[in-house]
Amino acid sequence: MIILGINAYHANASAAIVVDDRLVAAVEEERLNRVKYAAGLPRLAIQYCLDAAGVKLSEVDHVAIPRDPWARVGTKLRFAMRMPRFAIERAKVAARFGGIHEGLAAAFEIDPKAIRAQFHRIEHHRAHMASAYFVSPFDRAAVLSADGLGDFASTMWGIGEGARINVSGAVSFPHSLGMFYTAMTQYLGFWKFGDEYKVMGLAAYGSPSYLDGFRDIVSTDSPLGVRLNLRYFTHHKSGPEMTWKEAGETPLLGCLFSDYLEERFGPARKPEEPITDRHKDFAASMQACLESVLLENINALHQQTRSKNLCLAGGVAFNCVANGKILQKTPFEHIYVQPAAGDGGLSMGAAFAVRHEILGKPRSFHMEHAFWGPGFKASEIRATVSRSSAQNGGTHVAELNEDALLQTTAAHIAQGKIVGWFQGRAEWGPRALGNRSILADPRRAEMKDILNRRIKHRESFRPFAPSILEESVGEYFERNHPSPFMTFAYPVRASKRSVIPAPTHVDGTARLQTVSRDTHPLYWRLVRAFGDITGVPVLLNTSFNDNEPIVCSPQEALACFERTKMDVLVLGDFVLEKKPSGTSDGDISAELLGAKS
Ligand SMILES: [Fe+2]
């Protein structure tokens, strides 16, 4: 049985394919069309999933769509009367969903009659919940989904038991923890879609001095839920404006906060203005407020479910700082957050919801790793390398066996070089987890600035993340719970903060990736090889990109290597090293010395 999940006409458009009881492939459209957060119909992602499963669109049995026009229809109609412009926009989107069968046929240039699949609509947050619980290792777990808005709800919770999820409550529009966080992010001058994670990094630099004031903005409904003071917002009047035209465009979000927020907290920061202590304290306050509301909700969910296991999904589940605190401040002992916890994961969630809840099939799949995206044959990598070395005499190229490859790569990193690491299938979700990563030495405090100056060009307040052997987590961190998908931040042990200063954030935490020998053997061996050389089984791991979606193909990796000041590129079995006339070892040493002085 073949189930194709499609998140279409929505940010983070994506596709996933489930064949019998296994996930075969999943990818977000942005990796393929190279447009960050791409919306529209994910034609390339669908094509990749079909190819990975070795089937044609006409052979798919079920298509799962994570949107249900009939969900919360009363609320939708009530707000449609108040917000006619928003209602018209929604109606246009609904019409596209209504015609998705024909849209697919047109995109794939086939007769609509050739698509024999049955189409299923799964409510947005039910798809989120399914994306977490149905691929988790648990037979029974509390499940919570929280984001900005989807199918006119922002939060949903319940309990997963066997192959069912029983929903016990939800928060309807306009109340939304995700909308609160996005509105405050905009107030701080970060207007791009998806900028919330930047502000989470900024929060560590301030103190939550506005927290009392924030309690007037958002609070918890008893016993579970979220309540916004709508005086601070605009979305309940005009609708949350999110616009895009086609798959080739990043969504744009309209202003969500009202003048009253500025009356109470002073003028909003303009994007070009410097970040002051007031902004840092504002960011710290919004993070503390989110944590307070979320933890209260999660404690109440534990009271309801009495489970030790928790599954989280929705954009709020990417708040790794809050996730780390759930382990500390609630009775939950095991938490599962799959790597595409945001809207990209909806396609996969909808597909599993169809399999288990509609078709009644039992569960047997556990997502233990994130590598569901495109992979490339050795011959394709060889062809890419040969084209490069023919064109670029400034690069030294070597083909190595696995042992030599790992030893050479670890030695380069230990020498302070910045290494692009491209192996296997691309990661599912927004984090680079050791298959499309840029790696560096975590022991060098200067490495953060060097990476930013030479490759990443990010805001200086944003932290980099460590990958650590799962056997060593307790030695370096104050908590030991697995974090294979970089979705938890834990305090680094005080004695280890000076050992791995580059990925340790200003507040002493780090958003770690725990690396398992069983599920990610090649990367595990690389981290261990670095540990053998340095005594520190940790690598600094950041996404393989430069202000673009994470690279997907060998050609994109090579292009990023060539246009940035990356020192080394490991592409499959090949090691490409820029010769000293480009960026020399001397340059690196000078940078390290310069940064130290
Ligand atoms: Fe969502």
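In this text, all values refer to a predicted model and were calculated from it rather than measured experimentally.

## What about the packing of aromatic side chains?
Turning to step 1, where the next piece is worked out: Applying the stated criterion to the full structure yields 20 aromatic pairs.
Turning to step 2, where the next piece is worked out: Relative to Phe282, the ring of Tyr187 lies with its centre 4.3 Å away and its plane at 25 degrees, an arrangement referred to as stacked. Of this pair, Tyr187 sits in helix α7 (residues 177–187) while Phe282 sits in helix α12 (residues 277–305), and the two are 95 residues apart along the sequence. Phe282 shares its class with Tyr187; the two are buried.
Turning to step 3, where the next piece is worked out: A relative accessible area of 1% means that Phe282 is categorised as buried.
Turning to step 4, where the next piece is worked out: Seen from the ring of Tyr260, Arg231 lies directly overhead, with NZ or CZ sitting 3.8 Å from the centre.
Turning to step 5, where the next piece is worked out: Lying over the aromatic face of Tyr133, Arg363 brings its terminal NZ or CZ to 4.2 Å of the ring centre.

## Some points on the sheet that holds strand β15 (residues 395–399)
Turning to step 1, where the next piece is worked out: On the basis of which strands lie adjacent, the open sheet formed by 9 strands has the order β15-β23-β22-β16-β17-β21-β18-β20-β19 and mixed pairing. The sheet terminates laterally at β15 and β19 (488–491), the two strands that pair on one side only. Sheet twist, expressed as the mean angle between neighbouring strand axes with direction ignored, is 35 degrees.
Turning to step 2, where the next piece is worked out: In the packing of helix α16 (residues 402–414) onto the sheet, contacts are made with β16 (419–422), β17 (436–440), β21 (538–543), β22 (568–571) and β23 (574–578), and the angle to β16 comes to roughly 150 degrees.
Turning to step 3, where the next piece is worked out: Along the sheet, helix α20 (residues 554–563) contacts β15, β16, β22 and β23; its crossing angle with β22, the most-contacted strand, is approximately 175 degrees.

## Looking at the coordination of the iron ion
Turning to step 1, where the next piece is worked out: With distances of 1.9 to 2.2 Å, the protein atoms coordinating the iron ion are His124 (NE2), His128 (NE2), Asp147 (OD) and Asp343 (OD).
Turning to step 2, where the next piece is worked out: One can describe the donor arrangement at the iron ion as irregular, given that its 4 donor atoms subtend angles of 86 to 154 degrees at the metal.
Turning to step 3, where the next piece is worked out: Each donor residue of the iron ion belongs to the same chain, and together they define the spacing H-x3-H-x18-D-x195-D. Linking His124 with His128, this pair stays in helix α6 (residues 124–133), spanning 4 residues, or about one helical turn.

## Some points on the side chain of Ser437
Turning to step 1, where the next piece is worked out: Looking at where Ser437 falls in the secondary structure, it is placed in strand β17.
Turning to step 2, where the next piece is worked out: In terms of polar contacts, Ser437 uses its side chain to reach the side chain of Asn541, at 2.8 Å.
Turning to step 3, where the next piece is worked out: In this structure Ser437 touches Val419, Gly420, Trp421, Glu427, Ala432, Asn541, Thr542 and Phe544, once residues within four positions along its chain are discounted.

## Observations regarding unusual backbone geometry
Turning to step 1, where the next piece is worked out: In this model, Phe173 is joined to Pro174 through a cis peptide bond whose omega is 10 degrees.
Turning to step 2, where the next piece is worked out: Look at Asp151: it is not a glycine, yet its phi comes out positive at around 50 degrees.
Turning to step 3, where the next piece is worked out: The residue Asp151 is located in the loop between β6 (140–150) and β7 (153–161) in this model.
Turning to step 4, where the next piece is worked out: According to the relative accessible area criterion, Asp151 is buried, its value standing at 8%.

Each value, and the rule that gives it
Residues numbered from 1 in each chain as written. Predicted model: local features only at pLDDT ≥ 70, side-chain atom pairs only at ≥ 80, totals over all residues. Heavy atoms only, no water. Phe/Tyr/Trp six-rings, centres within 6.5 Å; stacked < 30°, edge-to-face > 60°. Helix = DSSP H or I, 4+ residues; strand = E, 2+ residues; numbered from the N terminus. Buried < 20%, exposed > 50% of the residue type's maximum accessible area, 1.4 Å probe, protein only. Lys NZ or Arg CZ within 6 Å of the ring centre and 35° of its normal. Pairing = 2+ DSSP bridges. Axes fitted to C-alpha atoms, helices over the stretch in contact; angles between N-to-C directions. Contact = heavy atoms within 4.5 Å. Donors = N, O, S within 2.8 Å, 3.2 Å for Na, K, Ca; no water. Tetrahedral: all angles 85-135°; square planar, octahedral: opposite > 155°, others 65-115°. Polar contact = N/O pair within 3.5 Å; in protein donor to acceptor, adjacent residues only side chain to side chain.

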